[in-house]
Amino acid sequence: MSKGKTWPQIRRRGRSWQVDCGFIAGKRVQVSFKTRAEAEAEGARRRGERKAEGDSAYALSPPQRQQALRALEILTGSGYDLVGAAEYVRDHAAPLSARRTIDELLSDYATTKEAAGRRPMTVKSIRYRCGRFVEAFKGRTADSFSTEELETWFTREKFKGETRAGMRRALLGFFNHAIKRKAARANPANDLERPSRDDELPDAFTVDEVRKILTTAATIEPHTVPYYAIGFFAGLRTAELDGLDWREIDFENKTIKVLPATAKKRRTRFVDMADNLIAWLRQHRKTQGPIDGHRHDVDRVRRKSGVEWKPNGMRHSFASYHLAMHENAAKTALQLGHRRQEIVFDHYRQLVRKSDAEKYWTVYPDMSTGPRLS
């Protein structure tokens, strides 16, 4: 730009009038008009813009202007402008309002869910799954985790299939709560690899494994037999089992009533009782009171049976053998409390053979030797 000139310059160019704005952002800007009046109006507008921009620029201190120029150099080719860069820093590097440990946040998270009216089993699951994470990284702040670190922990703990999916869901909720509490900026669980479709497929117990577990229960912890029998032959969820009362077991109509307070979808449903389930329950029948599933005793039966436990295995076994036996996805879905039979068809079809299903539903108790296959 020539020294001493006032910009923009207006000059005649042949039959038109030209407004020469000089160099703007490294490029010469020249605009042509048919009449002098149009050119002068444009020149006045451009001079007003230059003055306003100049006043704004000089509102910055010399160091600030130098920083702005240097920042623009650094951002060249990055796809960011100064505003975009500033917004990124604000969202990712601004000080957190609360640097809280994951121990503190877990207590707050569980309390919040309880206050929101979540089912006791939901809160219990949060405390258990997130509790495993907190125990492994006790004292750490919520903003100190990366996706890579969580992946390493998942690998070390050998989380697979539904266990991995459940832990991932738990940590997604936990870190979202941390973000709400201004204790973390981002959720490191968002980018955790999901388990493959094959890993997610449910795993059913074999008939021999079911017999072994029931045999062990009848021998060392007889009061847990109803818990296991209902789990295997009625397919109730763990939360539903924990909240079930003997008053909901109708021997005359051969049904179990699952109340909304314990049902996952908060809807009442009736589950049909097979003859072998009734036989198991008659030995331990009560008029009222909870089904005895004390966690210590239930876990002892699992350990002593020698059977490797499968997450949600009792419910998955019921669904698999029920579908194979009746070959009716809608009927199985109704028993499980699913609205859509497609879920049952996609998850449980062809997991077990019809011949094994016939054996499964003839696992009966024997008063002297425990359960037998008839």
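Caption draft 1: Broad picture of the pattern of salt bridges. Counted by the stated rule, this structure contains 23 salt bridges. Taking the shortest distance from any N to any O, the salt bridge between Arg-127 and Glu-114 comes out at 3.8 Å. A residue pair is termed long-range when its members are at least 10 positions apart, and Arg-127 in helix 5 (residues 120-136) and Glu-114 in helix 4 (residues 102-115) qualify at 13 residues. Overall, the relative accessible area of 40% leaves Arg-127 in the partly exposed class. Its relative accessible area of 44% is what places Glu-114 among the partly exposed residues. In this structure, Glu-221 engages Arg-300 in a salt bridge whose closest nitrogen and oxygen atoms are separated by 2.8 Å. Of this pair, Glu-221 sits in the loop between helix 9 (207-220) and helix 10 (225-234) while Arg-300 sits in helix 13 (residues 295-305), and the two are 79 residues apart along the sequence. The structure contains a network of salt bridges with shared partners spanning Glu-42, Arg-45, Arg-46 and Glu-49.

Caption draft 2: A nonpolar patch on the surface, seen in detail. On the surface, a nonpolar cluster with roughly 260 Å² of combined accessible area is contributed by Leu-69, Leu-72 and Leu-82. Position of Leu-82 relative to the elements: it lies in helix 3 (residues 82-92).

Caption draft 3: Expanded view of the pairing of strand 5 (residues 255-258). Sheet topology note: the strand 4 (residues 249-250)/strand 5 ladder contains two bridges and is antiparallel. Opposite Ile-249, over in strand 5, you have Ile-256 as the bridge partner. Hairpin geometry of strand 4 and strand 5 is characterised by an intervening segment of four residues between the two adjacent antiparallel strands and by a positive phi of about 60 degrees at Lys-254.

The rules behind each value
- Residues numbered from 1 in each chain as written.
- Predicted model: local features only at pLDDT ≥ 70, side-chain atom pairs only at ≥ 80, totals over all residues.
- Heavy atoms only, no water.
- Salt bridge = Lys/Arg side-chain N within 4 Å of Asp/Glu carboxyl O.
- Helix = DSSP H or I, 4+ residues; strand = E, 2+ residues; numbered from the N terminus.
- Buried < 20%, exposed > 50% of the residue type's maximum accessible area, 1.4 Å probe, protein only.
- Patch = residues over 30% accessible without salt bridge, like charges linked within 9 Å, V, L, I, M, F, W, Y side chains within 5 Å.
- Areas by Shrake-Rupley, 256 points an atom, 1.4 Å probe, with all protein chains shown as cover.
- Pairing = 2+ DSSP bridges.

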